[in-house]
Structures are given as structure tokens and as C-alpha cells.
Amino acid sequence: MTGLGWVGALGLAAIVAGQGPARGEDPRAIVAVATRAVEGDSAGRLRARWNARLSRDAGDRSALLGLATLSRLQYDYPAATAAYRRLMAGASDRHSLYARMGLAEGLEERRYSRIARAEYDTALGLARRLGDRTAQAAILLELSFMRGRLEGVKVAEAFLDSAAGLISPDQFDLQAGLRSRRGITLALRGRAAEASIEADSGIALARRARAPKAEADGFRIKGQVLQYRGQWDSALAALHQSEELYLRARNRSTLANSLIWHAQVLGSQGRYGEMRQVMQRALAEGEATHNPAAIADAHRAFGVLGQMFGDWPGAAEHLKAAAATSKESGDSSGVQYARKYQVMVSMVAGDLPTAKRLTLERLAYARQTQAANERFESARNLADILELEGDPAGALSALEEARAQLRLLPGAAYGLWLHHDEARHALARGDLGTAARLFESFIRGEAGPIGNVPRFDGRVRLAEVYARRGDVIRAGQELDAATRELDEWRAGLSDAELRTMAFQVVATVDAAAADPNAIARSAARVLAALAQAGKPDQSFALAERWRARELMDRLNRSAALRTSKPGNASAGAVTGAPPRSAIEVASALPDSRTALLEFVAVQGAPLTAFVIQRRGVQARVIPLDSLTDLVGRFNALVEAGADARRLARTLAERLLDPILPLLDPSVSRLIIVPDGPLHRLTFDALLLADGRFLVERYAVGLAPSASVAVALWARRAARQPAGPVRLLALGDPSVSRSRADDTRDGATDGLPVTTRAGDLPPLKGAAREARLAARYAASADVRLGRDASAAFLKRTDLRPYRVLHFATHAIVNERSVAGTALALAPEPGESGFLGTGDVAALRIDADLVVLSACTSAGGKLANGEGVQGLTSAFLQAGTRSIVATAWRIPDQEVVPLVEAFYAGLARGESVMDALRAAKIGAMKKGMPPRAWAAFLAIGDPLTRVPLRAPARSWWSAIFGGRR
């Protein structure tokens, strides 16, 4: 309501002349003048004139209304409110009317909807008494959606019809608002084509009114309509246009709301990296303009994203902020919406008291408001909580309450979800007969048609039921059918669909929150049962098929985080590596000296270990309690330099002693495919029965899966002989010189937008290390300081380099892959962080990447997928082998070991053999495990890189090659 339709000829002339309206001027013109001044950056001059008038005449109501409007448009709500209330306290004239309208508009901008609605209702009565048809129309347009949100589309349409009868044909701005709003109501009724016509008409009318905010509103609504129609690219184009117009109109508060819609469209496309950036903009604009609605919406979106990427603690913080903001603004529905996700966060964290309290609060609210959907969801949540508390009778009672709501809910989906709940609750309480009957019914679709993901979920759980009943053959058949059907269906999906499906692994989000490991645990129990029944080949084949799908999901989640187009992602052997049988893996082993050990380790299920040698596969099932605590304590002791020998022997006794006797005496290399908490275990530092560290007996490397290892070996064998090795080394990127640091530290809870890579402390030995690595290549490029930038990597074709060496900081978030990055030098307009999505999009064809940064092998741990971090991203980008670190290492310990490693490569040794030799050399020098055990060889550790030893200088002759 800020276009020329509010302004008469005198008001327009005053605007052109750059003068404020005279005392007693039409209040519509005053609002228009203030609006144009803000849009044209002349608000300061106009404010000075109005202040001067008010100082001369304290009763100048026009000047006071103008100042109040300027304050509101510039987000000084306290000053605006004070001025509006002064006007409202006076005569009930049109100045008072427009003051109340301005007050209501400021309240609604901040989503204080209940108070705003009351002010608009009062203003509507005054407008009718004063006979101001334009004001009545403007108020009815606002009330249409404020009331419609609570009372439905019919109410919104009734208000719009009333407004339409009051708007004259030449009031283009009000006509624009009317048409745009009609577009939304038509879209909600499924009349998409008519909705688009109305939205376009609204935009055209706003242009005639020369009202950029009204035009921006039109494009925002057009974007919403196109979103409803599933036309994502067109929706984004419309929303981009709306944002440009809001900026032109200097209306940052409504810009924040448009950005919320923009983010939702990106989320619908699975473009979560871009979505996160847009949400951050929305949050910043909301905070700058004191817009609690945008702030709460942004925090809720961040909370949901955190859950999707497994960052439950981060999600908890955002949802807490969303709930608090909504509560402060009186948005009770927003509070309850945040509570829905807070319940899930609390359940995953094991905080059942909080989850129960919030669920009971939601349930009471739903009962009070007679909200059937809320009551249904809350009762199901309560059933999950009571089951986890050991109260199966209470859980059944809660499910009955949920079932009682079905008659009030549309569609078959609600009954289907409840059927799934009842089946998994039967499984949880050990009622295998009921569980089998319910899951079989669920899979057949007797409760309603089910999609592919729910069918997969049900079949995996049913396989566990059969395994627990001793029917191993049927259990194997069910797990095989589940994975085969899902893989066949997913093969026909588009990239965008796969990115979205990568976050959907269970039938319902409620089931995922109640027991995040349920599906993986069910599969692990079936695999263990098959192995124990003497079917290691079948068990291994199913494990590899499962792991291949999980790896592909990880890649799709990584792709969803990208903010740029991929460069050479298809080069990575982890992309589309077909699952291999045990026979295929055995025949692909490069020699009899090499064996592959693959683990399936899921909390709550027996650990299954597969041993593959040239002669075939063997399996051992090891009944272990949770390994997470043991592995965490062991790594903490080793990293701290404490005596961890007793724990090292305990872990080896439980994990290795049952399987090492299966190895042929000739085996000297172990390719280990870890799982679950074993991804965190530094195998090299485990103690064998003879008192030696594992690394003293075997060279150890890690692979994402046996199938990926085979694919990497095939790529290495097919590689054509190349010329001299070309190496790229980046080190000591430009950083703040406020303090020095002697570790490649990066552990953090995330990547704050306010953080720049240049704010991290400098590294003393990084530049020296980069130059050292470069000496071993026939051709090398060394980039230091400002030249070691993330922007350089993103824009450069890195495929000519066979070795990439990074001596820098790493930022590692073990809760979410979204918070992990290499820290490089920032360039103007960007942070300097190279996130996992950015890494995966690089154009790489490297034999070796060395990530000489602390904890660079860390990241988010996902069941069946391994660590989602920098190493997995580099493998995806096309790297064959990676050397990375498990914890913080001081420079004085990094550089000698790195040089010894490169010297081994120059002697013709493979990556894993060269790393083992460097570690043994460090041991002989008396260095503790903390100094050498952190270095890991990942991917294809059998890769050889034809480097050459540098000529020894007089310096190295005197100081033994140390740099």
C-alpha cells in the first residue's frame, strides 16, 4: 500500500519538488512521500524538514505521521510506535487512522499477528466511520491473509471480495495487491493456471503504479504460485526478481520473508548448500530489521537442515532460538512447530525427560485447539518415548489415542504411518509374531499404498524378525529383495530426486528420531546370522550392496551441499562403483601379500568381520558390546601422549585376535574397510599378542568399501604411463598474525558466517613443509600466503597434478558434514573455506592428496557410510589415495614424518608401505604413538607415485635433511 494509488496530485507534486506535504496534507500523501524518500535515499533530508516543522508546532500531525512512517520504514520500531500512539491519542481523524494502520503494519512485519489483527480491526471500524474507502480496502487486503491463515481460504477470499468492491480502477497499487493475493488463494485451491494469470496481472499493475515494493510483492507471490506448481526454476527466477525489487525499495524486512520462500524452493530441489546460504541471508536481514518472523523461520529451517545432516546438537540450538523468538512475538503456532522438531532432537540425544515434557505440551495444545494432526503426531511421539522408557502398555495407549484421530484426518498416509508404528513397537517389545504379521501387511499395502522407501524400511525390519526367529534363509531373501528393489527404483531417478532421496532412509521421521540406528542394526543382525550359518559369501555380497547404496547416498548429500557446479565428480571411483562379490574381490587382490578385512559394526548388533584373501572369504561373528566408548578412550589416551598400551591390547584382543589367525603367513598388508566406531580407531597403534604394534607387523590402509577398493585398483592398472610427476603444494595461507600456532588445529562446532579463513592463526612450519614436498617432484607449483586461496582451487583445472599437498588448517565438524572444510586464503567476496561440497566439485585426477592439517581424516560418522568429511570428498573428486590425520599434530613432529614419507615414495614404495616405513622410523627415534599413529592412508593405499629423491644440499648433509 505504498504506491501512487495512495497519493493525490498535490502529494505527487510535492514528491517531485522534494518537499514534504504541508500541514494538514492528506495522510495518504504523507505516507507516500516518506516511502519514496526511503526508496530514494533522501529520508535524512525529509526527516530534518519534518523535525523542523514539529519543533515550530508540536501539534503538526502531518509532520508527526511522516516521522513515524520514516521510523517504521527504517526499522526504528520504538520511535515509530511512540509517534503513532501520540497521533492515536488525539482526535479520531484520518491522521489517527493512518497512524493505527502504520502501527499494525509494523506489528505484522514482525509477525506480532494477534496484536496487529486487533489494531487493523479497530482501524477498519474507524475507516468506515470516516468514509475512507481506500483505507478500508488496504486494511481488508491485509486482514485477508492474517485471518485466512487461521480460518482458511474461504475467509481470505471473502475479505478479498470485500476489498475489491472498494478499490477504484485507477488505484493500481491496491489493484496489484488484490490480484497477487487472489493468485495465492487460487493456487491453494489447485487452480494453478488462473493463479499465474492473477500473479502476472498484479505485477503489471504494480509497474503502472511505479511502486517497487508492490511489484516485489507480486513477484514473491508469483514465486509461491510457481512453487505450488512444481516449476522450481521459474519460481527461483521470480523470487530473485522480488529480492532485487525489495532491495531497490529499501524494504529489507519483507526481503527477509522472500528469502525464506527462496530457501524453501532450493530445499525442494535438494540444493541444500545454496539453501543454507539463502537462509543465512534471511536470518541476517531479519535480525537487522528486528523481524522475529523471519528470524524464527530461518532458525527453524536451520534446525531441520541440521537434523537432515545429522547435526543434532546444532539443530537443537537453532530450534531453541526459533521457539523462543516465536514465543516472544506471540506466535503460538510457530512455537508448536518448533516443538515438533525439538522433540525429535531430544529423543536422538537420549534426553527422554525433555522429549516427554515437550510432547505432553504439544499434546495438551492439540487437545485444547482440537488440532487432529497435531494430536496424532504428538501421540505417536509419546508412544515412542514411552517405549524407550520401558512402558509398553503406555506406548500402546498412546497409539490408541493416535488411532482415534484417523477419522478426522484426510488421506491414507496417516493410517499407513500408524501401521508402521504398531509393527516396530511390536518388534521393540519382542512380540515377533505380531511384528511379522504387521510388517507383512505393511509391505503388501493393506494399510494403504506405500512408496519405495517405506517398503524398503519394512522389508529390512521384517528380515530381522525372520533372523531372530531362526529362519536365516528367509531373512537373507528378505534383505536381498529389500536392497535389490530399492536399488532398481533409484536407478531411474533424476539427480535432483536422488539428492532428495539421500536423506530418506526410513519410513517416517518419527521412526528415525526414536531409533536412528534401527535400519542399520536390523541389517547388521541379518548379516551376522547369515555369516554364523556358514553363508559368508551371501553375507558379504549383501554387506557390499548395502555399503554401495550408503556411499551413493553420501555422495548425493555431498552434492546437495554444493554451491557451484561439479567439475569432475564422475572421475571418483566411489561414484557408481558396482558392488562386488567376495570372489571378485579375492581375484582383484594385487598379490598374495595383501588381504582385505571388512567389518560390519552397528551398535546393538554383533560385529561381523570378513577376511578376504586370494583363496576366498571367511567370516567371524564377534559378540561385542558397544565399541564407541572404548575407541574414544583409546584415541584420547594416544592423542594425549598417555600410556594406552593396556587399552590397545584389549581392543586388539577383541577385534583382531579372532581374525588374524585366518591370514596366510605371507600377508604383510591389510586393507581395512571399517564400520561404525571403527572408523575412529587408529588400528596401527593396537598391540598384538607378541607385544608389537600392528604397524610393526603389517602395513595398514583404509578403504570406503571392498568394491571401491577394486574400482580404484582397476583405475590404477588402466592408467597410461605418464610423464614426470607434477605436484601442487599449498601452505601457510594468509592468516591473521595475532598469534602463532604450532598445530594444524581445526576442531570446531561449525563454520560461522562471520568466520573467515584469514582469521585463523598462522602455522609456523606449513610453508617449509610445502616447499619440502615440492622438492620430490620433477615439476612443482608452490602457492603460499595469499596465493594459497580456495578461489584458486575452484577455478583451476587440477587434473594435470598427480600430487596435491595441503599444509594448512582444517575445520572439522564431527556432527555434520556441512561444518567441515579446509581453510585457505580468502579472496574478496569469499570466506576462504573449501567445504566438502566444494572439494567434491574440483577437477582432480590425482594419485595422491596429502592433507597435512589436523584432524583432516575426521568428519561426520554415518552408519554404513564411514566418515563424511574431506577424505570422502577428495575420493569423490577423483583422488586415488589420501594421507590424512586423525588428530592434532605439532609442526615439529609433522615435518620429519612427512619428509620420511616422501622419501619412501621416491624409493618406489606404495603409499601404505612408505607411510609404514615413516612410522617405524619415528618409533626408532623414540617418538610416541601420538606422533605417528594419527597419519592414515585412505582410498587405494597401494598406489605408487613415481617421485624422485631431491639432491642433497650442504644444509641437508649437515642437518640430516630436516627442513
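A quick note: this is a predicted structure, and the numbers were derived from the prediction, not measured. (Residues numbered from 1 in each chain as written. Predicted model: local features only at pLDDT ≥ 70, side-chain atom pairs only at ≥ 80, totals over all residues. Heavy atoms only, no water.)

Here's the deal with the pairing of strand 16 (residues 935–939)
Thinking step 1. For strand 16, the tally of buried residues reaches five of five residues, placing the bulk of the element in the interior.
Thinking step 2. For strand 15 (residues 881–885) and strand 16, the ladder comprises five bridges, and the chain directions are antiparallel. Paired with threonine 885 across the strands is phenylalanine 935, a residue of strand 16. (Buried < 20%, exposed > 50% of the residue type's maximum accessible area, 1.4 Å probe, protein only. Helix = DSSP H or I, 4+ residues; strand = E, 2+ residues; numbered from the N terminus. Pairing = 2+ DSSP bridges.)

Quick word on the side chain of aspartate 457
Thinking step 1. Inspection of the secondary structure puts aspartate 457 in helix 24 (residues 452–468).
Thinking step 2. Exposure remark for aspartate 457: the relative accessible area of 0% places this residue in the buried category.
Thinking step 3. At 2.8 Å, the side chain of aspartate 457 forms a polar contact with the side chain of arginine 461. (Polar contact = N/O pair within 3.5 Å; in protein donor to acceptor, adjacent residues only side chain to side chain.)

Let's talk about unusual backbone geometry
Thinking step 1. Of note, the phi angle at arginine 250 is positive, near 60°, even though the residue is not glycine.
Thinking step 2. With respect to the helices and strands, the residue arginine 250 is situated in the loop between helix 13 (232–248) and helix 14 (252–268).
Thinking step 3. We note that aspartate 732 has phi near 45°; this positive angle belongs to a residue other than glycine.
Thinking step 4. Note that aspartate 732 resides in strand 6 (residues 726–733).
Thinking step 5. Exposure remark for aspartate 732: the relative accessible area of 16% places this residue in the buried category.

Some points on the packing of helix 20 (residues 372–388) against helix 21 (residues 392–404)
Thinking step 1. One way to put it is that helix 20 packs onto helix 21 with a least axis distance of 8 Å and a crossing angle of 170°. When the interaxial angle is binned, helix 20 and helix 21 end up roughly antiparallel. Two secondary-structure elements touch here, helix 20 through Arg375, Phe376, Ala379, Arg380, Leu382, Ala383, Leu386 and Glu387 and helix 21 through Pro392, Gly394, Ala395, Ala398, Leu399, Glu401 and Ala402.
Thinking step 2. Taken together, the residues of the contact of helix 20 with helix 21 sort by class into ten nonpolar, one polar and four charged. (Axes fitted to C-alpha atoms, helices over the stretch in contact; angles between N-to-C directions. Parallel < 35°, antiparallel > 145°, perpendicular 65-115°, else oblique. Contact = heavy atoms within 4.5 Å. Nonpolar A, V, L, I, M, F, W, Y, C, P; charged D, E, K, R; others polar.)

Points about the environment of tyrosine 466
Thinking step 1. Along the chain, the position of tyrosine 466 falls in helix 24.
Thinking step 2. When its relative accessible area of 3% is taken as the criterion, tyrosine 466 is described as buried.
Thinking step 3. For the pair formed by tyrosine 466 and glutamate 478, sequence separation is twelve residues and the distance between their alpha carbons is 8.7 Å.
Thinking step 4. Beyond its immediate chain neighbours, meaning those up to four positions away, tyrosine 466 contacts Glu440, Asp471, Arg474, Ala475 and Glu478.

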